[in-house]
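Residues per chain are reported as follows:
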Amino acid sequence: MIIFGTTGIKSTIKSGDFHCPQCEQSKPYRHRKVTKFFTLYFIPLIPLGSAGEYVECGNCKGTYILRVLNNNANSNNEQFMATYEKAIRHSMVLIMLADGVIDNNEKKQVLKIINKFGKNDLTMSHLENYIEQVKKEKEDVTTYLKKVGPSLNDHGKEVIIKCAISVAAADGNIDESELLMINKMAKAMQMSSAHVKGIFTEMFGESKNN
Ligand SMILES: [Zn+2]
């Protein structure tokens, strides 16, 4: 008796990172193809053509239609921008809160920065609500910076640190708690202390360099 039949053999066409709809973050994927084979005694012998292609998430093992890869560059960008905006907002508000006093000039400076780098413009009352939210949540200053840090070049990191320094300095002086937080922010983005010192020197000259 001759035993014959068909079987599907999976192969990987391409792999990379994509925004997984289920994990809701960037994860590795495999673009898989199933080829139907004619089998003789369970041995696949003759390819009968493609039985379909799909995208598989390396993390949750979820499978998706290929279209999930389209617009992925876009959605990655959007995702990055959203996290970047969060990182800016959150860290600037925490810097403002660092010395325990919210100065009016600090608030104005924070608003200016948020609206310069964010996509969504805030009013002063939005900002005040957000400050209350940040106070309640007690999320660490490093949380979002750690996420955006790896995607930023030196210039991008410097921009954030310079903004933080400008907020800290808005009330007339930079105190110890603010300095500590600025250094913590820089560390979260993997910046060296020499790099941070260089930024201070650039902004204030040698004398105020701590
Ligand atoms: Zn997934």
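Computed from a predicted model, the values in this text were never measured in an experiment.

A.B. asks: Would you mind going over the nonpolar core in detail, with residue names and values included?
C.D. replies: By size, the foremost hydrophobic cluster in this structure holds 42 residues, and its most contacted members are Met92, Val93, Leu145, Ile160, Ile161, Ile182 and Met185. The dominant element in this core, judged by the number of residues it contributes, is helix α1 (residues 72-98), at nine residues. Apart from residues no more than four positions distant in its own chain, Ile160 is found in contact with Tyr84, Ile88, Met92, Leu145, Leu152, Met185 and Met189.

A.B. asks: Lay out the coordination of the zinc ion in plain terms, naming residues and giving numbers.
C.D. replies: Note on the zinc ion: its protein donors are Cys20 (SG), Cys23 (SG), Cys57 (SG) and Cys60 (SG). The metal-donor distances range over 2.3 Å. Here the zinc ion binds four donor atoms, and the angle range of 104 to 115° at the metal identifies the geometry as tetrahedral. Donor residues for the zinc ion, ordered by position in the chain, follow C-x2-C-x33-C-x2-C. Given a relative accessible area of 0%, Cys57 falls into the buried group. Of the residues examined, Cys60 reaches a relative accessible area of 27% and is grouped as partly exposed.

A.B. asks: Residues and numbers for the domain arrangement of the chain, please.
C.D. replies: Split into domains, the chain comes out as domain 1 (4-70) and domain 2 (83-208). Between the C-alpha centres of domain 1 and domain 2 the distance comes to 45 Å.

A.B. asks: Any chance you could break down the packing of aromatic side chains for me, citing the residues and the numbers?
C.D. replies: Throughout the structure, instances matching the rule amount to four aromatic pairs. On the numbers, 6.1 Å between centres and 55° between planes, the contact of Phe18 with Tyr64 is tilted. Remark: Tyr64 occurs in strand β4 (residues 63-64) and Phe18 occurs in strand β1 (residues 4-20); sequence separation between them is 46 residues. Side by side, Phe18 and Tyr64 carry an identical accessibility label, which is buried. A connected cluster of aromatic rings, assembled from ring pairs, spans Phe18, Tyr29 and Tyr64. Across from the ring centre of Tyr130, 5.9 Å away, lies the NZ or CZ of Arg89, which sits over that ring.

A.B. asks: Help me get a handle on the pairing of β1, residues and values and all.
C.D. replies: In terms of strand pairing, β1 meets strand β2 (residues 25-40) through 16 bridges, oriented antiparallel. Note that in β2 the partner of Ser15 across the bridge is Arg30.

About the cut-offs
- Residues take numbers from 1 onward in each chain, read along the sequence in its written order.
- Reporting in this predicted model follows two pLDDT cut-offs: at least 70 for local features of residues, and 80 or more for side-chain atom pairs to be given and counted; totals over whole chains, interfaces and linings ignore these cut-offs and use all residues.
- To obtain the side-chain values, all non-hydrogen atoms of the structure were included, while hydrogens and water were left out.
- Nonpolar cores were defined as sets of buried Ala, Val, Leu, Ile, Met, Phe, Trp, Tyr and Cys residues, with membership established by side-chain atoms within 4.5 Å.
- Exposure classes here rest on a 1.4 Å probe applied to the protein chains alone. A residue is buried below 20% of its type maximum, exposed above 50%, and partly exposed in between.
- Helix numbers and strand numbers start at the N terminus; a helix is a DSSP run of H or I with at least 4 residues, a strand a run of E with at least 2.
- When checking whether two residues touch, look at their non-hydrogen atoms; a contact exists if any pair is within 4.5 Å.
- Ligating atoms shown are N, O and S within 2.8 Å of the metal, or 3.2 Å for Na, K and Ca, and water is not included, meaning a site may look less than complete.
- Here the metal geometry follows the donor angles, with tetrahedral for four donors whose angles all fall between 85 and 135 degrees, square planar for four and octahedral for six when opposite donors are more than 155 degrees apart and every other angle is between 65 and 115, and irregular for all the rest.
- Per the annotation, domain bounds derive from an automatic or database assignment of domains.
- Put simply, two rings from Phe, Tyr or Trp (the six-membered ring, in Trp's case) pair if the centres are within 6.5 Å, and we call them stacked under 30 degrees between planes, edge-to-face over 60, tilted for the rest.
- Lysine NZ or arginine CZ positioned within 6 Å of the ring centre and within 35 degrees of the ring normal marks a charge as sitting over the ring.
- Strands qualify as paired when DSSP identifies two bridges or more between them.

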